[in-house]
Amino acid sequence: MTDSSKKQEKQEDRRKFIVTSTIGASAACALFPFASGIPSVLDPATRDKGNSEVPWTKIAKLSSLPEDGTPTKFEVILAKVRDAWTTYTDIPAGAVYLARKGEEVVAFNLKCPHLGCAIDYRKNSNDYFCPCHNSTFALDGAVTTENSPSPRGMDTMDTKVENGEVWIRFQQFVPNIKEKVPV
Amino acid sequence: MMKGIMDWIDDRSGIRGLVKEALYEKVPGGARWRYVWGSCLTFVFFTQVVTGTLLWMFYSPSTQTAWESVYFLEYQVAGGWFLRGVHHYMAQAMIVLLVLHLMQVVIDGAYKAPRELNFWFGILMLGVTLALSLTGYLLPWDQKGYWATAVATNLMAEVPLIGPIIQKVVVGGVEYGHHTLTRFFALHAGILPASLIGLVVVHIYLFRKHGIHVKEPRPKKDSYFWPDQILKDAVACLAVLLAVVTLTIYFHGAPLGPPADPSNEFPARPEWYFLFLFQLLKYVPAFWGAVIIPVFLVVWMFLQPFIGKSKVGHRINVGFWWALIAGSVFLTFLAVSEDQANIKHGAAIEEAKWQADRVIEIANAEGIPPLGAVSLLRADPKNQGRRLFAAHCASCHRYNGHDGRGYPVDDPQSAADLAGFASTAWVTELLNYDHYVSDKYFGGTKFKDGTMARKVLAKYTEEENKLLPEIARLLADEANLPYEEKLEEEKRDELLALFYNDDLDFEDGRACIDCHDIDSEDEGSAPDLTGYGSREWLIAFIENPEDSRFYGKKNDRMPCYGRDDKLKPEEIEILVDWIRASPATP
Ligand code: FES
């Protein structure tokens, strides 16, 4: 190898080194501002909300429910709702049907499991009916027609009766799937 | 394939030529470190635009949500403190780099013909950047930003004729409120950055038109922007980035003071790079500081390219900038050292820190009501207790030697220090004659010469003195303080017997029971000590110390806060709870 080709090779190496480090350093500078915000922007997706307890909410007096089990509609007023930094108190969050079964109570979410319309209780036929796409439900919440638009029965929630007051754990569920999954 | 796509794009856009032109700009005399500042500033501004836009996703400009949303980002959102910290410290880096860039341009003479126009654009950009800093300082809506920006907007009113109108337009009204924030936000995130982008484009275009101004002598032979100069630029940018990340991590993000509260005074101080202006206003009238001096400086700067035509003129220009920098540094130094020497300023900073920690503690625990975080602090008994004490008690009493919040008090102390009131340690000291007549207890009152001092405490024999700490334990037990342990039933009976002087341990006339009562019916001539220092006792005492249960007619200047409606019942309760909550700190 001649001296000049060696020199040329050395220069070639030097240039390569300069080019790669320039690209590397520039890329780092260009990407850094975006990278610095990634955890924050993705925060809602990575936040683990699932295992937080659903709180109990007082809905009505047991004595206000008809003894024969006829469903009655009630507003659900949550004592505390958090939206980002704000804590709201006494916020209307939805509605439920409560039906009495002796000393026990069942609670159904007013929202149709199909696509979320408000379900009616029909006095005449003594069943539930969703006026949006005509799903019908029995008094126990089960789907009553074969080709029901709603893939599952009405959504129930935990209930308890304490000192004559009915408490429920108010929850919403993912619509239009077979299983009842909390959102 | 890739090449095919690139060819297609190039064919329609001519992008290759553009990139080539951009990268193969000639650098006469070779790449040099002194040319990196412009690129660094572009990088910093780019970072600010990106991080600022990301911050936008979290910020909510209104008086009830600005502080709250920043708090939420800082303390609840993953990595929020880092994002905000980078934006905060980059802003400071930008100011430093601007000064460096400017000084390089001035010293190298790069402001002279034919580059006058570009120099002027640079000055304009400096102004826009300072405006960005000023508007950004207010957005978190914390005490610091609120009070400091109020000073800045009041200065705007100094502009002749249109000043008051400018002020109203910027503030969005007469008072600070929702529209101040929406306007400052629109300026900070919209108008100002957009103007800066426009100015940067023109600045870079003009720079390219005239090429680099070469500082002679040339160290090397000519080279190109790519890759030699870009490498130097990128390394410098990395260094800036590293410094900013270090600061962000070291301070764990940007500071966030307590939420803005117009009724809660806070010493207004601008960001550090404006401190020289702040200090200047201590010596010159506002009109000079806000109008005459800035206008003079700006006019002077615009004339500099012409002044610099001669050698002497250039020297004058360089000297002008050095003098300006030296003056600013000196004024900044004065501002900082004056604040450091000011005890009250230190106390105000400590108090703000306490409030910030406290409100964040509450917000973390229970969230923030729709009325905003200020309402949290106002409703907080711990904070209210300090403030009530400072406002109503501290002109006579002290708390650990200060006014309850940490501020020194100007008035001489004329009543007892109530930190650790009714605790074993406090009562033990009280029952010692020397302490009793000291300023810390009753030295400032007429009780210093009262029966208790002269005829009782001063007369106790050594044997009797030894029993006093026991009496103190009994009294402290009556107080039922949250931080002290209750006595056993038996022990209490034993101490009560001592109080009643059952075994005649005290000389007649010097036994406690001779004047004070505990648990008995007779009315002694001195305050009833049943439940002494307890919540009920202290509330009743503050309501009416002139009641026969307490000092009666012997009361010395202590106002009857309840009887005379000087404090509301719930305020007295808050005050009592606060006084009783914690022991004295040594
Ligand atoms: S929403 Fe109820 S049936 Fe479709």
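Residues numbered from 1 in each chain as written. Chains lettered and ligands numbered in written order. Predicted model: local features only at pLDDT ≥ 70, side-chain atom pairs only at ≥ 80, totals over all residues. Heavy atoms only, no water.

## Points about a negative patch on the surface
Residue and element names in this part refer to chain B. Selection criterion: To count toward a patch, a residue needs a relative accessible area above 30% and no salt bridge. Like charges then connect within 9 Å, nonpolar side chains (Val, Leu, Ile, Met, Phe, Trp, Tyr) within 5 Å. Using a 1.4 Å probe, the Shrake-Rupley method yields the accessible areas, and only the shown protein chains count as cover for residues. A side-chain nitrogen of Lys or Arg and a carboxyl oxygen of Asp or Glu constitute a salt bridge if their distance falls within 4 Å. Residues counted as positive are Lys and Arg, residues counted as negative are Asp and Glu, and His and the chain ends are not counted. By convention, the point assigned to a charge is CZ for Arg, NZ for Lys, CD for Glu and CG for Asp. Numbering of helices and strands runs from the N terminus, with a helix taken as a DSSP run of H or I at least four residues long and a strand as a DSSP run of E at least two residues long. The classification of residues rests on relative accessible area computed with a 1.4 Å probe and restricted to protein chains. Under 20% of the type maximum is buried, over 50% is exposed, and intermediate values are partly exposed.
A surface patch of negative charge is lined by E485, E488, E489, E490 and D493. Assignment of secondary structure puts E488 in the loop between α20 (462-479) and α21 (489-499). The class for E488 is exposed, based on a relative accessible area of 63%.

## Examining the state of the cysteines
As used in these notes, a disulfide is a covalent bond between sulfur atoms, one from each of two cysteines. Under the convention used in this document: In this description, a disulfide is simply a cysteine sulfur pair whose atoms lie within 2.5 Å.
One pass over the full model with this rule turns up one disulfide over all chains. Across the disulfide, C117 of chain A is cross-linked to C132 of chain A (sulfur-sulfur distance 1.8 Å). Taking the sign of the S-S torsion, -85° for the link of C117 of chain A and C132 of chain A, the bridge is left-handed. Of the two residues, C117 of chain A sits in the loop between β4 (104-109) and β5 (120-122) while C132 of chain A sits in the loop between β6 (127-130) and β7 (135-137), which places them 15 residues apart along the sequence. Accessibility expressed as a relative area gives 21% for C117 of chain A, which makes it partly exposed. Looking at the unpaired C237 of chain B, the closest cysteine sulfur is the one in C40 of chain B, lying at 4.1 Å.

## Some thoughts on the pattern of salt bridges
All names here are of chain B. Overall, the coordinates contain 37 salt bridges over all chains when judged by the stated rule. Where E74 meets R84, a salt bridge forms, and the shortest distance between an N and an O atom there is 2.4 Å. One end of the pair, E74, is in helix α4 (residues 66-75); the other, R84, is in helix α5 (residues 80-108), with 10 residues separating them in the sequence. Taking the relative accessible area as the measure of exposure, E74 reaches 6% and is therefore buried. Linking R386 and E351 is a salt bridge whose minimum nitrogen-to-oxygen distance equals 2.2 Å. Of the two residues, R386 sits in helix α16 (residues 381-393) while E351 sits in helix α14 (residues 343-366), which places them 35 residues apart along the sequence. On the accessibility criterion, R386 (8% relative accessible area) is buried. Residue E351 is classed as buried on the basis of its relative accessible area of 4%.

## Observations concerning the domain arrangement of chain B
Selection rule: Residue ranges labeled as domains rest on an automatic or database domain assignment.
Taken domain by domain, chain B consists of domain 1 (24-263) and domain 2 (414-581). Placing the centre of domain 1 of chain B and that of domain 2 of chain B at their C-alpha centroids yields a distance of 62 Å.

## Focus on the pairing of β4 of chain A
All names here are of chain A. Here is the rule we go by: One requirement defines pairing of two strands: DSSP has to find at least two bridges between them.
In the sheet, strand β3 (residues 86-101) pairs with β4 via six bridges, with the strands oriented antiparallel. By the bridge assignment, Y97 is partnered in β4 with F108. Here β3 folds back onto β4 in antiparallel fashion, the turn holding two residues, of which G102 has a positive phi close to 65°. Pairing of β4 with strand β8 (residues 156-157) involves two bridges; the strand directions are antiparallel.

## With respect to the environment of E470 of chain B
Residue and element names in this part refer to chain B. Keep this limit in mind: We call two residues contacting when some pair of their heavy atoms lies within 4.5 Å.
Looking at the element boundaries, E470 is found in helix α20. In this structure, the C-alpha to C-alpha distance between E470 and F499, residues 29 residues apart in sequence, is 9.2 Å. Among all residues touching E470, those that are not within four sequence positions of it are K491, L495 and L498.

## Notes on the packing of aromatic side chains
Residue and element names in this part refer to chain B. In plain terms, the rule: For Phe, Tyr and Trp, rings pair up if their centres lie within 6.5 Å, where Trp contributes its six-membered ring, and each pair is then called stacked (planes under 30 degrees apart), edge-to-face (over 60) or tilted (otherwise). By definition here, charges over rings are those cases where NZ of Lys or CZ of Arg is within 6 Å of the ring centre and within 35 degrees of the ring normal.
Under the definition given, this model contains 42 aromatic pairs over all chains. Here the aromatic residues F421, W426, Y436, Y441, F442, F447, Y532, W537, F541, F550 and Y551 are joined through ring pairs into a cluster of three or more. Here the basic side chain of R386 rests over the ring of W354, its NZ or CZ set 3.6 Å away from the ring centre.

## Comments concerning the nonpolar core
Stated precisely, the cut-off is as follows: We call a set of buried Ala, Val, Leu, Ile, Met, Phe, Trp, Tyr and Cys residues a nonpolar core when their side-chain atoms join them within 4.5 Å.
Formed by 56 residues in total, the largest nonpolar core has its most connected members in F389, F421, W426 and Y532 of chain B. Dropping the residues within four chain positions of it, W426 of chain B is found in contact with A416, D417, L418, A419, G420, F421, Y441 and Y532 of chain B. Counting 35 residues, the second largest nonpolar core, distinct from the first, contains W85 of chain A together with Y176, L256 and V359 of chain B.

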